Amino acid sequence: MGIGGIGGLDREAHVAEGTGAAAAPRTLAEALRARGDEGLAALLRARPDLLNPVPNDLTQLATRAGTRGSVVRALERLDRFALQTAEALAVAPDPAPYPVLLGLLTGDEGDATIGAALPGAVALLREQALVWGEDDRLRLVRTARELLSPSPQHPSPTGLGPTVAEATSGMSPGRVQEIIGAAGLAATHDPVSAVAALTGLFTDRARMGALLDEAPPEALAVLDRLVWGPPYGEVTANPAPPVRWLRDRGLLLPVSARTMVLPREVALHLRGGRAHRAPEPVAPEVGVLREHRPQVVDSAAAGQAYTALATVEELLKSWDKGGPQVLRAGGLSVRDLRRTAAALDVTEQVAAFWLELCHGAGLLASDGEADERYAPTPAYDDWLDLPPAERWARLVAPWLASTRTPGLAGGQDAKGRALSVLGPDLDRAAAPEVRHRVLGLLATLPPGAAADPETLFARLRWERPLRGAAGASGAGGSGDEGAGPSLPDDLRSRLARWSLAEAELLGLTGRGALSAPARALLNLPLAEAASPADEGGGVEESVAAERAATLLAPLLPEAVDHVLLQADLTAVAPGPLRRPLADALAVLADVESKGGATVYRFTPGSVRRALDSGLAASDVHAFLAAHSRTPVPQPLAYLVDDVARRHGHLRVGAASAYVRCDDDTVLGEILADRRSAALGLRRLAPTVLAAQTDPASLLDGLRAMGYAPAAESAEGDVLITRADAYRTPARTAPVPVPDGPPAPDATLLGAAVKAIRAGDRAATAVRREPSAPAPAGSLPRTSSAETLATVQAAAMTGSAVWIGYVNADGAASQRVIAPVRVEGGFVTGYDHTADEMRTYPLHRITGVAELADDQV
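Everything in this summary refers to the structure shown in the same document. (Residues numbered from 1 in each chain as written. Predicted model: local features only at pLDDT ≥ 70, side-chain atom pairs only at ≥ 80, totals over all residues. Heavy atoms only, no water.)

Strand order in the open sheet made by the four strands is β12-β13-β15-β14, with antiparallel pairing throughout. The sheet terminates laterally at β12 (564-566) and β14 (590-593), the two strands that pair on one side only. Within the sheet, the average angular offset between the axes of one strand and its neighbour, ignoring direction, is 30°. Direction of pairing for β12 relative to strand β13 (residues 570-573): antiparallel, over a ladder of three bridges. The partner of L564 across the bridge, within β13, is V572. (Pairing = 2+ DSSP bridges. Helix = DSSP H or I, 4+ residues; strand = E, 2+ residues; numbered from the N terminus. Axes fitted to C-alpha atoms, helices over the stretch in contact; angles between N-to-C directions.)

So this is what it looks like as structure tokens:
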């Protein structure tokens, strides 16, 4: 037998409508109209897409809330139990009484946990306008029912199939009579009553039990394979006796020549009335993997935060003169990514993270030139001038909001194209939500506790079951039947794994546990909160970042202003160096090793680099003496003097290029050296050589031969090559790709609710019938004299009137106004539609009509 499915209900328990049933809402618009302003605001807050643009009235709001795109977005944001509740309603009768819905979720045996959780789930669905109606007539909105109901093309997550009535809709009346006869039922006069009789049999537990007691064991085994779905199975042209026994009695019904289906009512009887195999009314707990002292966590996180700052600085400093080229399609090439990873001594995936972090923080961008390259932005220089803790906050705040997902780099998009770092296709709108939620779940654990990743991922899948692979098509179901829970490799789980790793790299977590600065950044209560100010909540992002930086600052190592010079031509920095010293030492020496103490090595090339920047030997000696806690070693002093003595002895300028030197024997040595052949040198004069290469290449070639040439200008002056960095033009940080419309603030919600209420009053206002009825939907038409007289009378009596109005753009609208003044060709009054005082030119009013007496 095969698999497939979706389905139904074990009893048709309809609640009789009593007194007052006429007051029950008949449509979703009526249900919304019965809500208070808080209820409407809650709907618009949960589904902000309904606000763009603001609906004219409640009917338009209800229509928009039932569109497929909006319903899909709402379903994707449901937790697993709320989604299971909606799935149960999709296979229940429409409308469904609350006891029927409860029975579908708890089964015949009942479940107190589900019973306690179900009112909350129904309230959530009501709040989001996915369900409307009173408890005796619960209705799932039509679009949601279509998305979640069973069909052969779209199996239901419940694993149930069609009802008996649906499965027999195309069956001949004679065949239906044969089935009810084989099932032991009396013949009927029409197929409708026959189907009703068969449905009654399948929903009667006692009679159904008696029928199954007569079934062969092999037939029961067939039902067992189909009961939890999918309910479809293939059969041969001559099915086996057990299948024929089930088919003859309607326990399996044909949907095609080779396919049979298990009716919904039969499946529910076999399931004990449950729509889902495993309802999950309670969110799974996030387990603790290990526990540490909070102080240890904060120290470990601070150490990693310092490493993050050093890594970003090292990366961007290596691109100071201009980084790799931008690919034609955008992004960084694989070769350049490998080079960057090797330079940082990290994996390619980690290097991709650092690159995307710099780009997201606005510190790195393309220069926009014809030969486009990546380079640091001017904001990078401002960033370097900040204290370390503030620099850290400037990195992690954009990371939290960024939609960039460097973990996807190296993969392929839907069209098979490679995804490159810094390229255009790495944005995923769900990334910020997942990052915040992962850190928020870590914050629910005791201070210093690291989460068990598997339980964390399970919790995330429960909270958004449709946002991963199972929900890629829009509303595929909660995934609790057949295929099991959402695959661990769905996008949401991968984002969660990446978020945990990236948070550790940034120092938001230490040893897997959330740090105190991270709590402040997220506006969460601090573990040691001692005052209401530490409770967060509602604090602006900039203020939260400042609080996080304040908490981190004491934990970072203090910058030092000295080094320890050693006789082996190295200098040891016993901590992070202050900015001027670090910049100067980076020119004078090369970094040999990094860690708790950075080791710098002095070489002839590094000393020449300092001399090229305009320093003299005396300046270098003074610098070393001023910033070393140890005496300047003699070998280092000799190295500086030796390089300085030879520095600038040769001069290179532009002819194409030339070399000049007062000592012609030195030029003779260069010509005689085989290594100079590639430079194309020839003697023009005893003290001048001409070259066939450019000055920069000539400088590099001579330096490779062991000389220390200096570049000179056209006037013969020595060119000083200071460590000036190449920067892109001013660039703004990339804007995250939004995951739908932004959440509305309280001001927007209040204004929107007022506008919708006012528009609804105008749209539903009952008007007095004119002597000559106007076509439906048309504007009122009255003469100018009639219009003037009516609005003047309304102003005198303080009553409201209905007007047709055409604005300066020619757009027509209907409004309900209460005139207060009529003069100078204008009428001023309170516009109930706009909920404000407005003035209208009388010549733009097409007509006016009085409201019905009960509307005045």
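What the rule picks out here adds up to 39 salt bridges. In this structure, R339 and D336 form a salt bridge, with 3.6 Å as the shortest nitrogen-oxygen distance. Of the two residues, R339 and D336 both sit in helix α17 (residues 334-344), three residues apart, roughly one turn of that helix. Residues joined in a network through salt bridges with shared partners are R77, E433, R464 and R492. (Salt bridge = Lys/Arg side-chain N within 4 Å of Asp/Glu carboxyl O.)

Next up on the list: the packing of helix α20 (residues 388-401) against helix α25 (residues 541-552). Packing of α20 against α25 leaves a shortest axis separation of 8 Å and a crossing angle of 135°. Taken together, the axes of α20 and α25 are oblique relative to one another. In the crossing of α20 with α25, the sense of the turn from one axis to the other is right-handed. On α25, the residues touching A389, E390, W392 and A393 of α20 are A545, A548, A549 and L552. (Parallel < 35°, antiparallel > 145°, perpendicular 65-115°, else oblique. Left-handed = near helix turned anticlockwise from the far one by under 90°. Contact = heavy atoms within 4.5 Å.)

Packed helices, taken two at a time, are described by their axes: the angle between them and the distance between them. Two elements in contact, helix α16 (residues 294-318) and helix α23 (residues 491-506), have axes whose closest approach is 6 Å; the angle formed by their N-to-C orientations is 85°. For the element pair α16 / α23, the angle class is roughly perpendicular. Taken together, the residues of α23 that come into contact with α16 (itself represented by Q304, A305 and A308) are E504, L505 and L506. Grouping the constituent residues of the contact of α16 with α23 by class yields four nonpolar, one polar and one charged. (Nonpolar A, V, L, I, M, F, W, Y, C, P; charged D, E, K, R; others polar.)

Now for helix α3 (residues 58-65). Those residues of α3 not exposed but buried are L58, L61, A62, R64 and A65. The buried residues of α3 occupy an angular sector of 165° when the element is viewed end-on, so they sit on one face. Tucked into the core, α3 has its buried residues touching α1 (28-33), α2 (37-46), α4 (68-76) and α32 (746-764). Put simply, D57 is the residue that caps the front of α3, since its side-chain oxygen is 3.1 Å from the backbone nitrogen of T59. (Buried < 20%, exposed > 50% of the residue type's maximum accessible area, 1.4 Å probe, protein only. Arc of directions from axis to C-beta. Polar contact = N/O pair within 3.5 Å; in protein donor to acceptor, adjacent residues only side chain to side chain.)

Another aspect to go through is the environment of A758. Secondary-structure assignment places A758 in helix α32. A relative accessible area of 0% means that A758 is categorised as buried. Each C-alpha atom of the pair A758 and A834 lies 6.2 Å from the other, and the pair is 76 residues apart in sequence.

Further remarks concern the environment of E218. Relative to the assigned elements, E218 resides in helix α13 (residues 217-226). Here E218 falls in the partly exposed class, since its relative accessible area comes to 49%.

A separate point is empty space enclosed by the protein. By the definition in use, this model includes four cavities of 30 Å³ or more. Forming the boundary of the largest cavity are 13 residues, of which E356, L357, W399, S402 and R435 lie nearest the centre. If you list the elements that add at least two residues to the lining of the largest cavity, you get α18 (348-360) and α20. In terms of residue count, α18 provides more of the lining of the largest cavity than any other element does, four residues in total. (1 Å grid on protein atoms, 1.4 Å probe; cavity = no way out; pocket = protein on both sides within 12 Å on 5 of 7 lines; lining within 4 Å. Points joined across faces, edges and corners; volume = space filled by probe spheres on them.)

As for its placement among the helices and strands, T106 is situated in helix α6 (residues 98-106). Looking at T106, the relative accessible area reads 11%, which means it is buried. Looking at T106, its side chain comes within polar contact range of the main-chain oxygen of L102, at 2.9 Å.

This part is about the pairing of strand β22 (residues 812-823). Two elements, strand β21 (residues 801-806) and β22, share six bridges in a ladder whose sense is antiparallel. Residue pairing in the sheet places Y805 in a bridge with S813 of β22. Turn length for the β21-β22 hairpin, with the two strands adjacent in sequence and antiparallel, is five residues, and the turn residue G810 shows positive phi of about 90°. Looking at chain direction, β22 and strand β23 (residues 826-831) are connected through six bridges and run antiparallel. Each bridged residue has a counterpart across the sheet, and for E823 the counterpart in β23 is F826. The loop that links β22 with its antiparallel partner β23 comprises two residues; one of these, G824, has a positive phi angle of about 60°.

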